[in-house]
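Chain and residue survey
Residues per chain are reported as follows:
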Amino acid sequence: MHDFEISVAHLLRGSERASDVVLQGNIPGLFVTSSRILDDAVIRVDGRVEAVGEGLLVSLEVHAEYVGECVRCLGEMHGELAGRSRELFIEGEDTEEHYGFRGETLDLRAAVSDLCVLGLPPVPLCREDCKGLCQYCGADLNEGPCGCTDDSGDPRWAALDQL
Ligand SMILES: [Zn+2]
Ligand SMILES: [Zn+2]
């Protein structure tokens, strides 16, 4: 069994109605355009699995650190994502509506992956008020003013003015 597989034999046989799960592990290759979870970052999962008429109802909460590239200043930034969901698992194959499972083992890896990807910011900012890069000279404006002003306009024109 890998990090995100759990035995549900006791739930399927009816000896218990629900059980809590606490898991952690790595899932390589989770990313969106400008942010990603590093392959060796620990993904933590708290969940509860309940036997219901059709199958198993799983409540999941995930937490993981991610690395992003700020869309304004292009600097590297770090954050923590959190996500929650409730998913129905029904014996058999995965379908569009629910996840599947086989035998007495529930594999939460796909559900955890999906939740992590949903929680990654597609447009990360290193901070809410990131000033970004100067559109004229490319300086990082978080480090202070660069000397260009909006009135000076394009520095290529300013250079021509001096001729
Ligand atoms: Zn930034
Ligand atoms: Zn500038």
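Residues numbered from 1 in each chain as written. Chains lettered and ligands numbered in written order. Predicted model: local features only at pLDDT ≥ 70, side-chain atom pairs only at ≥ 80, totals over all residues.

**Examining the overall build of the protein chain**
For clarity, the cut-off: The helix count covers DSSP runs of H or I at least four residues long, the strand count covers runs of E at least two residues long, and both are numbered beginning at the N terminus. The globule rule used for comparison is 2.2 Å times the number of residues to the exponent 0.38, while the radius of gyration itself is calculated over C-alpha atoms. Whether a residue is buried, exposed or partly exposed is read from the other C-beta atoms within 10 Å of its own C-beta, which are placed from the backbone; 20 or more gives buried, 12 or fewer gives exposed, and intermediate counts give partly exposed. Any pair of residues counts as being in contact when their C-beta atoms, constructed from backbone geometry, are within 7 Å of one another.
A tally of helices and strands in the protein chain yields three helices and nine strands. For the protein chain, the α and β elements follow one another from N to C terminus as β-α-β-β-β-β-β-β-β-β-α-α. Scaling as 2.2 N^0.38, a compact globule of 163 residues should have a C-alpha radius of gyration of about 15 Å, whereas the protein chain reaches 24 Å, well beyond that. With respect to the principal axes defined by its C-alpha atoms, the protein chain has extents near 85 × 25 × 20 Å. Per-residue burial for the protein chain yields a buried fraction of 21% across its 163 residues. Excluding contacts between residues fewer than 6 apart, the proportion of contacts in the protein chain whose partners are at least 24 apart in sequence is 57%.

**Topic: unusual backbone geometry**
The phi angle at Leu74 is positive, at roughly 65°, despite the residue not being glycine. Within the secondary structure layout, Leu74 lies in the loop between strand S6 (56–69) and strand S7 (76–91). Of the residues examined, Leu74 has 13 C-beta atoms within 10 Å and is grouped as partly exposed.

**Quick notes on helix H2 (residues 109–119)**
Side chains three or four residues apart in an α-helix point the same way, a direct result of the helix having 3.6 residues per turn. Applied cut-off: What the arc describes is the spread of directions from the helix axis to the C-beta atoms.
Listing the buried residues of H2 in full gives Ala111, Val112, Leu115, Cys116 and Gly119. In an axial view of H2, the angular spread of the buried residues amounts to 135°, which keeps them on one side of the axis. Those residues of H2 that are buried lie in contact with strand S3 (30–32), strand S4 (35–37), strand S5 (43–51), S6, S7 and strand S8 (99–101).

**Some thoughts on the nonpolar core**
The condition is simple: Buried Ala, Val, Leu, Ile, Met, Phe, Trp, Tyr and Cys residues whose C-beta atoms connect them within 7 Å together make up a nonpolar core.
Val62, Leu106, Leu108, Val112 and Cys116 are the most contacted members of the largest nonpolar core, which totals 26 residues. At the level of secondary structure, the elements contributing two or more residues to this core comprise S5, S6, S7, S8 and H2. If you tally residues by element for this core, the top one is S6, at six residues.

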